Amino acid sequence: MSPSNCDMGPATAVTPFDIGGWTEAEARAQFVKFRFAENGGEPFCGKCGCVAVSHYKCRPIYKCKGCGSQFSATSGTPWQKRKIKFRKLMYLIACFVDNVQAQTARAICRHIRVQYKTVLLWLHKLRAEIANRAATATPLLSGEVEVDGAYFGGYVRPKNQAKTRKDLRKIPYRANDRALCVVVARQRGDGPIRTWVGKNEIDTRPFVKDAVQRNSVVFTDMAPHWGKLRGKFKLFRINHKRAYCTPEACTNQAETLWALMRVMERVHRHISQNYLDLYAAEAAWTLQKGKRAEGEDFTNLMAWMSRQGRSPLAGYFQGRKRSLPLCKVDGTIEDWKPKPRKGTVTFIDKDAEPIEYKPRRPLAKTWREGFTFLSAEQFLAAPSLVPDHGGVYAVFVRGGQAIFGATGYQDVPQRPVWRHDDADHAYTGETYGLRTRILSHLAGDILVSNLRETLMALQWGGGALPDGPDVEAGRIQAERALTEWMKANILVGYRSCSYVKDVETAILDATASPFNLRRSNPSAYADALQDLRRRFRDDVVSGWAKPEGQPHPRVRR
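First, a word on scope: everything that follows refers to the structure included in this document.

So, how was this worked out
- Residues numbered from 1 in each chain as written.
- Predicted model: local features only at pLDDT ≥ 70, side-chain atom pairs only at ≥ 80, totals over all residues.
- Heavy atoms only, no water.
- 1 Å grid on protein atoms, 1.4 Å probe; cavity = no way out; pocket = protein on both sides within 12 Å on 5 of 7 lines; lining within 4 Å.
- Points joined across faces, edges and corners; volume = space filled by probe spheres on them.
- Nonpolar A, V, L, I, M, F, W, Y, C, P; charged D, E, K, R; others polar.
- Pairing = 2+ DSSP bridges.
- Helix = DSSP H or I, 4+ residues; strand = E, 2+ residues; numbered from the N terminus.
- Axes fitted to C-alpha atoms, helices over the stretch in contact; angles between N-to-C directions.
- Parallel < 35°, antiparallel > 145°, perpendicular 65-115°, else oblique.
- Left-handed = near helix turned anticlockwise from the far one by under 90°.
- Contact = heavy atoms within 4.5 Å.
- Buried < 20%, exposed > 50% of the residue type's maximum accessible area, 1.4 Å probe, protein only.
- Arc of directions from axis to C-beta.
- Polar contact = N/O pair within 3.5 Å; in protein donor to acceptor, adjacent residues only side chain to side chain.
- Phe/Tyr/Trp six-rings, centres within 6.5 Å; stacked < 30°, edge-to-face > 60°.
- Lys NZ or Arg CZ within 6 Å of the ring centre and 35° of its normal.

**Examining empty space enclosed by the protein**
Here the structure, examined in full by the defined rule, presents 2 cavities of 30 Å³ or more. Taken as a whole, the largest cavity encloses approximately 50 Å³ of empty space. Contributing to the lining of the largest cavity are Cys 95, Phe 96, Asn 99, Ala 102, Gln 103, Ile 108, Leu 123, Arg 127, His 268 and Glu 282. Broken down by class, the residue content of the lining of the largest cavity amounts to 5 nonpolar, 3 polar and 2 charged.

So this is what it looks like as structure tokens:
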């Protein structure tokens, strides 16, 4: 039902379904009612508080009759300088309020059809108002209060191979420079919840003392720093190594916050440390939704966002990034930001050796790295130098520019030829048996090696290889002569890796490989070379006797 037929008051529950049927004018009218709810939905001046205002007909703004200032429905509040339409803005808030666990900014931006960054910023602004309200307007916790802490962030991805993995639970391998502790104090029953963020659990102890009323009953785990709460409070402790709950003590209600935050971690995929306190405050606010009346959350958020003053996240995408208010053990607050992931990062301060952090880079930048080079003569003398497992290989030809020029190849500035020492890159392949595949190229047969067939066809078509094989002498003599020529003129580079197809594609996209013919977008040069190989097979290879026991040729690049 539209607001024109049923005028919704400030305390009425608003759902995304309701807002979806509004026009922009109807949404703005409802926004004004929520924004000025303390005056019955009628606009008033935010500077002097005067309720006598004039309405402009040409623009949706007002003018105060007392001080003469002009203002709109969003002036002087965190809504100020919004560019998103009222209908979409209220739909975003309704989705945020209607959610019972977590909803990603990506999902909301698909609903209201705005950029992801816009939704992310407004959600952070809503979380900031919730956190500010919890810190300034929450009364002292009293009665029975449960206190507990949990660590978030600081995950280090284990190495792929088991033999190179380290126990990431132990110093110095865990990344505790980015791990932060969230501490919660929850009053049993329908009482309030407070959250803090510190480097360690002990850092939040002064804040817990100030937030809990004296002589209250406090329940904690067996962490030694909570023992100093005894004296100001009646302290009961639970040993989780023996039980999760006993008749004397239990912290299960406080730990429900961790269950919700773990769900939020999985839904959002990543919670940045700069905003960990905001997500913790949102989780505490979400846990209490069932204790509040329907529609109260929407009304509260609209009221909190309608306060005077700018949002602390104003100018977020102009470079004014937020710092995390980190609790210190002396009772002060420190503005904290994570260190950049560059160079050497010291994970601990206990005389351990610093661990060098190497961020992952795309294959487009690292395709040259990790190659081992050796000549064809070295390889044929000791094939065991090359492991027989997965990887990519590159074949380089000494004097390759002359050979490429004889075949009609022209350099492409966007994909220059890869040079190593005095050799030019001619062919690249991927395989799950490096030694076997390289051996088939250097000492095999043209039926199993496209590279050998290409070289022999070039010699047959115009003598492109100086001192190359005489293809008219027969199969055995031609193959032996080509092998001797490759021993003197070929250089091989190989790199062990897992995703061989991806690495090979990155190499072929970055550098020229004239003898790789089976590409998705063949050029005129590749078509001419394919035609030369086809004529060579029809005119020469078809007349040779096929070697006995020769396996079926493999189709390779």
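**Brief notes about the sheet that holds strand β2 (residues 62-64)**
One open sheet accounts for 3 strands, arranged β1-β2-β3; its pairing is antiparallel. Two strands bound the open sheet, and with one partner strand each, they are β1 (53-55) and β3 (70-71). As paired elements, β2 and β3 share 2 bridges and run antiparallel to each other. Among the inter-strand pairings, Tyr 62 is bridged to a residue of β3, identified as Phe 71.

**A few points about the packing of helix α3 (residues 86-98) against helix α5 (residues 116-137)**
The interhelical angle for the contact between α3 and α5, taken along N-to-C directions, is 55°, at an axis separation of 11 Å. Judged on the interaxial angle alone, α5 and α3 are oblique. Crossing geometry of α3 relative to α5 is assigned as right-handed. Every residue of α5 that contacts α3 at Leu 89, Leu 92, Ile 93 and Phe 96 is listed here: Val 119, Trp 122, Leu 123, Leu 126, Arg 127 and Ile 130. Its residues placed into classes, the contact of α3 with α5 shows 9 nonpolar, no polar and 1 charged.

**What about the side chain of Gln 288?**
Note that Gln 288 resides in the loop between α8 (276-287) and α9 (296-305). Not counting chain neighbours up to four residues away, the residues in contact with Gln 288 comprise Gly 191, Pro 192 and Ile 193.

**So, α9**
Looking only at α9, the buried set comprises Asp 297, Phe 298, Leu 301, Met 302, Trp 304 and Met 305. End-on view of α9: buried residues confined to an arc of 165°, all on one side of the axis. Buried-residue contacts for α9 involve α2 (24-35), α3, α5 and α8.

**Concerning unusual backbone geometry**
Look at Lys 81: it is not a glycine, yet its phi comes out positive at around 60°. Tracing the chain through its elements places Lys 81 in the loop between β3 and α3. Unusually for a residue other than glycine, Asn 215 sits at a positive phi of about 70°. Among the secondary structure elements, Asn 215 is positioned in the loop between α6 (205-211) and β7 (217-221).

**Describing the sheet that holds strand β15 (residues 419-420)**
In space, the 5 strands of this open sheet follow the order β13-β17-β14-β16-β15, with antiparallel pairing throughout. The sheet terminates laterally at β13 (372-375) and β15, the two strands that pair on one side only. In the sheet, strand β14 (residues 391-398) pairs with strand β16 (residues 423-431) via 8 bridges, with the strands oriented antiparallel. From the neighbouring strand, Val 392 faces β16, where its bridge partner is Glu 430.

**Details of the side chain of Arg 475**
On the secondary structure map, Arg 475 appears in helix α15 (residues 475-489). According to the relative accessible area criterion, Arg 475 is buried, its value standing at 10%. Side-chain polar atoms of Arg 475 contact the side chain of Asp 445, separated by 3.3 Å.

**Concerning the pairing of strand β10 (residues 333-336)**
Here is the key point about a regular strand: its side chains alternate between the two faces of the sheet. Pairing of strand β9 (residues 324-327) with β10 involves 4 bridges; the strand directions are antiparallel. In the sheet register, Leu 324 faces β10, and the bridge partner there is Trp 336. Taking the residues that link successive antiparallel strands as the turn, the β9-β10 hairpin has 5 residues, and the phi of Gly 331 there is positive, at about 90°.

**Quick word on the packing of aromatic side chains**
In the structure shown here, the tally under the stated rule is 22 aromatic pairs. Relative to Trp 79, the ring of Phe 31 lies with its centre 5.2 Å away and its plane at 75°, an arrangement referred to as edge-to-face. On the criterion of sequence distance, the pair formed by Phe 31 in helix α2 and Trp 79 in the loop between β3 and α3 is long-range, its members being 48 residues apart. Classification of Phe 31 as buried rests on a relative accessible area of 0%. According to the relative accessible area criterion, Trp 79 is buried, its value standing at 0%. Their ring planes at 85° and their centres at 6.2 Å tell us that Phe 536 and Trp 544 sit as a pair that is edge-to-face. With a relative accessible area of 13%, Trp 544 lands in the buried category. Each member of the aromatic cluster is reached from another via a ring pair, and the members are Trp 367, Phe 371, Phe 373, Phe 396 and Trp 418. Over the face of the ring belonging to Phe 86 we find Arg 82, whose NZ or CZ atom lies 3.9 Å from the ring centre. Of note, Lys 125 hangs over the ring of Trp 122, and the distance from its end group to the ring centre comes to 4.4 Å.

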